[in-house]
Amino acid sequence: MPRKKTSAPASQATSPHGSDDEKTEHVPAGDGQPVDESPADETPVNKSPVDKTPATVGVGASAGGLEAFSQLLRALPEKIEFAIVLVQHLAPQHESSLASLLASFTKIPVLQLSENEWVQANRVYVIPPNRGLILRSGMLVLQPRPTDRTQYTPIDIFFDSLASDLKADAIGVVLSGTASDGVQGIHAIKAAGGTVLVQDPGTAQHDGMPRSALATGKVDYELSPAEIAEALIRLVRDRPPHTIVPRVAGDQMVLEAPQREQIFTLLQAASGVDFRQYKLPTIQRRIQRRMALHKVVSVDQYLQYLRDYPAEANNLYSDILIHVTRFFREPASFAVLAEEVFPSVLQDRDKDAPLRIWVPACSTGEEPYSVAITLMESCQGHSHNMTVQIFATDISETAIEQARAGLYPESIAADLSPERLDEFFTKVDGHYRINKSIRDQCVFARQDLTSDPPFSRLDLIVCRNVLIYLGQPVQSRLMSVFHYALKPTGYLMLGSAETTGSQDELFAVANKRHRVYRKKQRDTSAGVLFSAPYDRRPTSRDQRAAPEPRPSPSQVDVNRIVLERYAPPGVVVDEELRILQFRGQTGRFLEPAAGDASLNLLKMCREGLMHGLRTAIHEAKENETPIRREGLRVRQGNNEVLQVTIEVTPLRVASGGRNYLIVFLDAKPLAVAPAKPQRAAGKGEDQAVAEETQAEIERLQNELIASRGYLQSIIQDVEATNEELQSANEEVLSSNEELQSTNEELDTAREELQSTNEELNTLNEELHGRNDELARINSDLINLLNGVQVAIVFVDNHLRIRRFTPMAEKVLNLIPGDIGRPIGQIKPNLNCPDLERWIWQVVDTVSVEYHDVQDLAGREFSLTIRPYKSIDNRIEGAVLILLDVDETRQHEHTAREFRELSEAILGTVREPLVVLDGNLRVKRVNPAFCRMFGVSREETENQLLAELGDNQWNIPRLSELLQTVLASNKSFELFEVEHDFPGIGGKRMRLNARRIAATNGREPLILLAMEEAGETG
């Protein structure tokens, strides 16, 4: 198999994820095919006229396909061993002349299907307009075109049926065209083990369909149309007896750990990227795809292929990094940046401080440029000029080079408004180049997100749809890296399917729907691991930004001593009640809970403290004032009970949230009376016990009342929240339905416009072909009129001259400038005042007029006026034909003189003469023949020579000689004939024969002369 072009298409990327089509790739042959809805009477029920369906090649084309397919046909021999089925996007309301146009490029029969037909080799079948086509059991079955508003993809439909019917023998070809029709069909063909050939985009008029096909990664050959013809001949001739069917996506490909390690090692050696940290299913699907492309059935064979062909490692690497990106992908996310994030980071900002943004996995640059455009639009209201630094990184050097160039195809107009195109882009040679004002804000660099150190002091990180393709440990580590890289007020935006995961304590949710998070105050620098050392020394800008000088060492020591000896114990918690800081000795009130380690305050509370602490914090949140709770009893590990007072004080933090300081005060142990025997208890002691019991009951009742109040408040909050959520959910559902409906309508309208555009392109190509054919016909007509030595004039319904022959130019005194002028305004060289009336009469009555006219010199002409009829039998003028009567009479006189001369010669010659036609039938005899043999002209002429008299001239040798005279124009002389003729006796004759040349299209004749050689004895 020849080496294929393996360069990644323009849409190929840098995020190690797969598209949706991967979930169904490698469908097994016969499964997952479209349901056939053709009428039952179209199903072939009789057996094919051939024992086996011949090799069948499906060719899909759209705009520009006529030229490409004609080049393919020219390169094929006069006879081929396979059939070709051309499925082209045709305008449904117009008749197609595609078959007749293609027939001029090949001697292979080209047929436009009008009914179901069995496939035969050495045929080219063309789909008719407004019909669908499938292959079923070796028969081409026509189907009605769908009437719904979905985009019509006839190439996908036929390719699917081709794969289902021919399995591994299916061959699909994609030629020039727009959009992506054929992509799904390619998946079906490759799943069945077939072969796919695609036109080299560089040779195509429209490269949309070829590039879409190449992006599937399932193309076997990328060639020019002429090279495709050669490859088809070779493929059919050298077809193996068995084709390996690729493994389907549902199969669990066995990838052992040693094999996986070897593949990762080869990949890392080729690309420098360690894919061990990526999710295995993604890598496995890519390996499976490459194995199917090369028809390799085992991982060991593919490993050997990787070692034998080092370029395959690069191809696998490119296949893993498939790219899906565009400008303003998920526009609502950019709206959140413009409306919420950028106003926040720009608020109260030092005019000298640069705005720093990091966009990891930026691919070919669409996303960072979109962020830059959104930022510029958001900053239009700011009076000062601000320095913006957008760091865009990616693992692919190729993608980074494209991003740096900032040059994009015209198709980006579908994702950008006309206003943004005009303001931020410049049109250059059919492309759009990003303006310098946006380009200068972006710095592009290659970076491996999983190993290279990050940027720092960032205001925003936009990392979308990358984390879901990485393993969980890498995701957790990257969350710490992002937290470390952001400023205290920085924001993080993730993809719609991504969250902060187990590191949610590092970020607060700013916009849940669009995955926008705000950094929390945590010190994670010690836990952040980088592959390379990273300098975290503060810059001069950091030093200038410090609000106040640090306290002196002596002040720090004094504060520490005072806090340790005299300050009550306490903790600082955030809004989620996670402990941020311990103050003093808190062991009597808090202890680690059993199980997974946790710093949640309520989980660490000792027995008796949770209820009061929770209610106090709740009230502090509600009222935003310090709350005090007294008389809380905390049970210690030795059954000792402490009575404690707590205070909860709300604290404001720089990020805008709330923290809470919880202080434990007046912790006093409760005295427990020693147990005494009941019989020793006196009346006073019973009264003390009863009072103590009553106090405990009152305390418990108060605690129960507080708990009920707290529970009721919680229930009310939950109910209110549920109502709000239900209302919001209903609004979201309604909005989602409206948006979904609008999106479906827009998609349908776009698909219809795209389909109509393709059909118009195809129709335009046919019209070009028809114009060429009309030009040839017009040339033939001009040559015919120029060669006819007859005066002919064409006039339209208004008697304006349309065309005339050179002879008419002489006879009627016309010039080329007279074309388009009414014939009544011209003074022809004819004495014919009623010419216009005669022409009108012919046009009105649809009859033919004959008139004898003379020119000004007295020369006579015969004028014939006939109605001019179009192809659809409409009268569109008249045709004037002038025949020179004098010239005709002269020709007739000359012919008459020639006939009279011939008659005189025949009557004067004394030897018998006979004139024979090509069948040796007597045309004329002279008087000498009649006298010699005693016969009359009437009984001799129009008779076969062999049947004259009593068949005396039925001489085989004579007949043979006469036929030779006719065929080779050779004469003979002195051929002797002896015979006993009735009435004259026996005679010996000498015969001489010569052919008379044909004139005016008549057949040649033979002149047979006789002379008497003597009488026979």
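Before any of the text, the structure's been laid out above.
All of these numbers come straight from a predicted model, not from anything done at the bench. (Residues numbered from 1 in each chain as written. Predicted model: local features only at pLDDT ≥ 70, side-chain atom pairs only at ≥ 80, totals over all residues. Heavy atoms only, no water.)

Is there a simple way to think about the packing of aromatic side chains in this case?
Given two aromatic rings, their pairing is described by the distance between the two centres and the angle made by the two planes. Scanning all chains against the criterion turns up 13 aromatic pairs. With a centroid separation of 6.4 Å and 80° between ring planes, the pair formed by Phe425 and Tyr432 is classed as edge-to-face. What makes Phe425 buried here is its relative accessible area of 5%. With a centroid separation of 4.4 Å and an interplanar angle of 5°, the aromatic rings of Phe589 and Phe664 are classed as stacked. (Phe/Tyr/Trp six-rings, centres within 6.5 Å; stacked < 30°, edge-to-face > 60°. Buried < 20%, exposed > 50% of the residue type's maximum accessible area, 1.4 Å probe, protein only.)

Before we go on, may I ask you to explain the pairing of strand S12 (residues 388-394) in this structure?
With six of seven residues buried, S12 is to be regarded as a mostly interior element. Examined bridge by bridge, strand S11 (residues 355-359) and S12 share five bridges and lie parallel to one another. In the strand pairing of S12, Val359 is matched with Ala392. Here S12 runs beside strand S16 (residues 442-446); their pairing, made up of five bridges, is parallel. Note that in S16 the partner of Ile390 across the bridge is Cys442. (Helix = DSSP H or I, 4+ residues; strand = E, 2+ residues; numbered from the N terminus. Pairing = 2+ DSSP bridges.)

Whenever I open this one, the packing of helix H11 (residues 331-346) against helix H12 (residues 366-378) confuses me. Can you help?
The axes of two packed helices give the description: the angle between them and the distance between them. Closest axis-to-axis distance for the H11/H12 pair is 10 Å, and the angle between their directions is 45°. The pairing of H11 with H12 is recorded here as oblique in orientation. With respect to the hand of their crossing, H11 and H12 are arranged in right-handed fashion. Here Phe334, Leu337, Ala338 and Phe342 of H11 come into contact with H12, specifically with Glu367, Ser370, Val371, Thr374, Leu375 and Ser378. Of the residues assigned to the contact of H11 with H12, the class counts are six nonpolar, three polar and one charged. (Axes fitted to C-alpha atoms, helices over the stretch in contact; angles between N-to-C directions. Parallel < 35°, antiparallel > 145°, perpendicular 65-115°, else oblique. Left-handed = near helix turned anticlockwise from the far one by under 90°. Contact = heavy atoms within 4.5 Å. Nonpolar A, V, L, I, M, F, W, Y, C, P; charged D, E, K, R; others polar.)

What exactly am I supposed to notice about the sheet that holds strand S9 (residues 195-199) here?
Two strands in a sheet stick together by hydrogen bonds in their backbones, pointing the same way (parallel) or opposite ways (antiparallel). What the seven strands build is an open sheet, ordered S3-S5-S2-S1-S8-S9-S10; its pairing is parallel. Since the sheet does not close on itself, it has two edges, and those belong to strand S3 (110-112) and strand S10 (221-223), each with one partner. Each strand axis lies, on average, 20° off the axis of its neighbour in the sheet, ignoring direction. Pairing of S9 with S10 involves three bridges; the strand directions are parallel. Bridging from a neighbouring strand, Gln199 pairs with Leu223 of S10. Of the strands in this sheet, strand S1 (56-61), strand S2 (83-88) and strand S8 (171-174) are in contact with helix H3 (residues 154-166), which crosses S1 at around 165°. Across the sheet, helix H5 (residues 208-215) lies against S1, S8, S9 and S10, angled at about 140° from S9, the strand it touches most.

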